[in-house]
Amino acid sequence: MALDTQDDMMDYSAEKKDLYELGEIPPMGHVPSQMYAWAIRRERHGEPEDSFQNEVVETPKIGDREVLVLVMAAGVNYNGVWAGLGVPISPFDVHKADYHIAGSDAAGIIWAVGDKVKRWKVGDEVVVHCNQDDGDDEECNGGDPMFSSSQRIWGYETPDGSFAQFTRVQAQQLMPRPAHLSWEESACYTLTLATAYRMLFGHHPHELKPGQNVLIWGASGGLGSFAVQLANTAGANAIGVISDEDKRDFVMGLGAKGVLNRKDFNCWGQMPKVNTPEYKEWFGEVRKFGKAIWDITGKGNNVDMVFEHPGEATMPVSVFVVKKGGMVVICAGTTGYNLTMDARYLWMHQKRVQGSHFAHLKQASAANKLMCERRLDPCMSEVFPWNEIPQAHTKMLRNEHKPGNMAVLVCAPRTGLTTFEDTLEASRTS
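Predicted model, so just to flag it, every value in this text is computed and none were measured.

Thresholds, definitions, all that
For every chain, the first residue of the written sequence is number 1, and numbering continues from 1 along that sequence. Thresholds applied to this predicted model are a pLDDT of at least 70 for local features of residues and 80 or more for the giving and counting of side-chain atom pairs; totals over whole chains, interfaces and linings are not thresholded and use all residues. To get the side-chain values, take all heavy atoms of the structure and skip hydrogens and water. Labels follow the DSSP assignment, with helices taken as runs of H or I lasting at least four residues and strands as runs of E lasting at least two, numbered in each case from the N terminus. Accessibility here uses a 1.4 Å probe with only protein chains present; expressed as a share of the type maximum, an area under 20% marks a residue as buried, one over 50% as exposed, and anything in between as partly exposed. By definition, a salt bridge exists where a carboxyl oxygen of Asp or Glu is found within 4 Å of a side-chain nitrogen of Lys or Arg. The charge count treats Lys and Arg as positive and Asp and Glu as negative. His and the chain ends do not count. In the analysis that follows, any N or O atom pair within 3.5 Å is treated as a polar contact, provided that within protein one partner can donate a hydrogen and the other can accept it, and provided that, for residues neighboring in sequence, both atoms belong to side chains. Pairing of aromatic rings covers Phe, Tyr and the six-membered ring of Trp, with a centre-to-centre limit of 6.5 Å; geometry is then stacked below 30 degrees between planes, edge-to-face above 60, and tilted otherwise.

A. Region of the structure containing unusual backbone geometry. In this chain, Val-87 is followed by Pro-88 through a cis amide linkage whose omega measures 5 degrees. Along the polypeptide, Pro-88 turns up in the loop between helix H2 (78-85) and helix H3 (92-95). Phi at Arg-374 takes a positive value of approximately 65 degrees, unusual for a residue other than glycine. Residue position: Arg-374 is located in the loop between helix H11 (361-372) and strand S17 (380-384). Even without glycine at this site, Cys-379 takes up a positive phi of about 55 degrees. Relative to the helices and strands, Cys-379 is located in the loop between H11 and S17. Residue classification places Cys-379 among the buried residues on the basis of a relative accessible area of 6%.

B. Representation of the pattern of salt bridges. Counting across every chain of the model gives 19 salt bridges. Among the salt bridges present, the one from Arg-41 reaches Glu-55, with a minimum N-O distance of 2.8 Å. One end of the pair, Arg-41, is in the loop between strand S1 (34-40) and helix H1 (48-51); the other, Glu-55, is in strand S2 (residues 53-58), with 14 residues separating them in the sequence. Glu-55 gets classed as buried once you look at its relative accessible area, which sits at 16%. In this structure, Arg-152 and Asp-134 form a salt bridge, with 3.1 Å as the shortest nitrogen-oxygen distance. Of this pair, Arg-152 sits in strand S8 (residues 152-153) while Asp-134 sits in the loop between strand S7 (131-132) and S8, and the two are 18 residues apart along the sequence. Judged by its relative accessible area of 21%, Arg-152 falls in the partly exposed class. Residue Asp-134 is classed as partly exposed on the basis of its relative accessible area of 47%. A cluster of three or more residues bridged by salt bridges with shared partners is formed by Arg-41, Arg-44 and Glu-55.

C. Local environment of the side chain of Glu-308. Mapping Glu-308 onto the fold places it in strand S14 (residues 303-308). For the buried Glu-308, no salt bridge is present, and the opposite-charge side chain at shortest range is Arg-262, 11 Å distant. A polar side-chain atom of Glu-308 sits 2.6 Å from a polar atom in the side chain of Thr-314.

D. Just the packing of aromatic side chains, in detail. On inspection of all chains with the given rule, the structure shows 15 aromatic pairs. For the pair Trp-217 and Trp-268, a centre-to-centre distance of 5.4 Å together with 90 degrees between the ring planes defines the contact as edge-to-face. Of the two residues, Trp-217 sits in the loop between strand S11 (213-216) and helix H6 (222-233) while Trp-268 sits in the loop between strand S13 (258-261) and helix H8 (277-297), which places them 51 residues apart along the sequence. By relative accessible area, Trp-217 is classed as buried at 2%. By relative accessible area, which is 23% here, Trp-268 ends up partly exposed. Aromatic pair Tyr-279 and Trp-282: ring centres 5.5 Å apart, planes at 40 degrees, arrangement tilted. Placement of the pair is Tyr-279 and Trp-282 together in helix H8, with a separation of three residues, close to one helical turn. For Tyr-279, a relative accessible area of 8% corresponds to the buried category. Ring pairing ties together the aromatic residues Tyr-279, Trp-282, Phe-283, Phe-320 and Tyr-345, which thus form one cluster.

See the structure below:
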């Protein structure tokens, strides 16, 4: 339930039907047999506007520990692009279902609960985090659920994501929706925020601490914008890296101590072979980049942490510029997966390279609490209507999207709605 709403829901009348048009609100708790969804099928793998098709499919049936959510809005993430392309693997090779519904971020209302669900009830307003697991191994019970062999990402490694009127999730995926945000603002942030939170604070002993310096690649994007805000909230110093000068003010406005434009340097891509003329030239550019960091942190002060996700293009530089005993933490490889580095600086300076993948519930909840307390901005850049979900993914594929996070409307009839009552009224007048 949103934090400032009452337990009793607004009374309203609505016809019981087997299928509702987008924007129609069914009677509270009534689950229609069918729903609209943007479905991907194996034979359609390709660019989003080919692979995503609006279809009528069966509404998911829930198990004892699962919840059905009426999706008001959803977030756009790159795993939707991957799912449509079938690259690096097809989601059908993972879950074996006939069709795939992408979407790993959602805000909505609980519409049905399983028999063993105790913490949530029909009518609660929630956001959904995307980690699922079976809950029955050692890592899920006393360890780190992200290490469980059953760990999977809902909406990517499962076939029932958020680009549908209803979505089926595990009860442990639910968190309270920030009451001050609209549906679309609530829907756009959880995946990127929780991922950034675990990267910065989830790998002991290298949790980011007050006064430390962190280099953040892609500082104007969904991940980077939250990394900058989280570092600032923790009292650390964020040094953002951008690719376009018009993004500088945006990143500085989030609280960065300084911003570097990677186009001012020429040391990107796989590292040249050590002790060649090409390596010498590359190394000179890396030192130039390192000096630009010192201009922000102070001479001799290398960064304590590097927040990595481009991968192939930036990893060699990341390993060099992090301080002795520091950590490069990486969660993706948006420029490629073949990572190179000068191993001498890794072992002799005892640096750490740490892989990181989303977050478990406690980490996601800690991040969500910061959002509920208004300590963070969701950095929502664009909102798309239901019928433009493929186009939103095309913009992401082509890197034409604005800084921040994108959202799409699902059952919410228009933008700017913050309560169920307003949503219900808008559904009747739209």
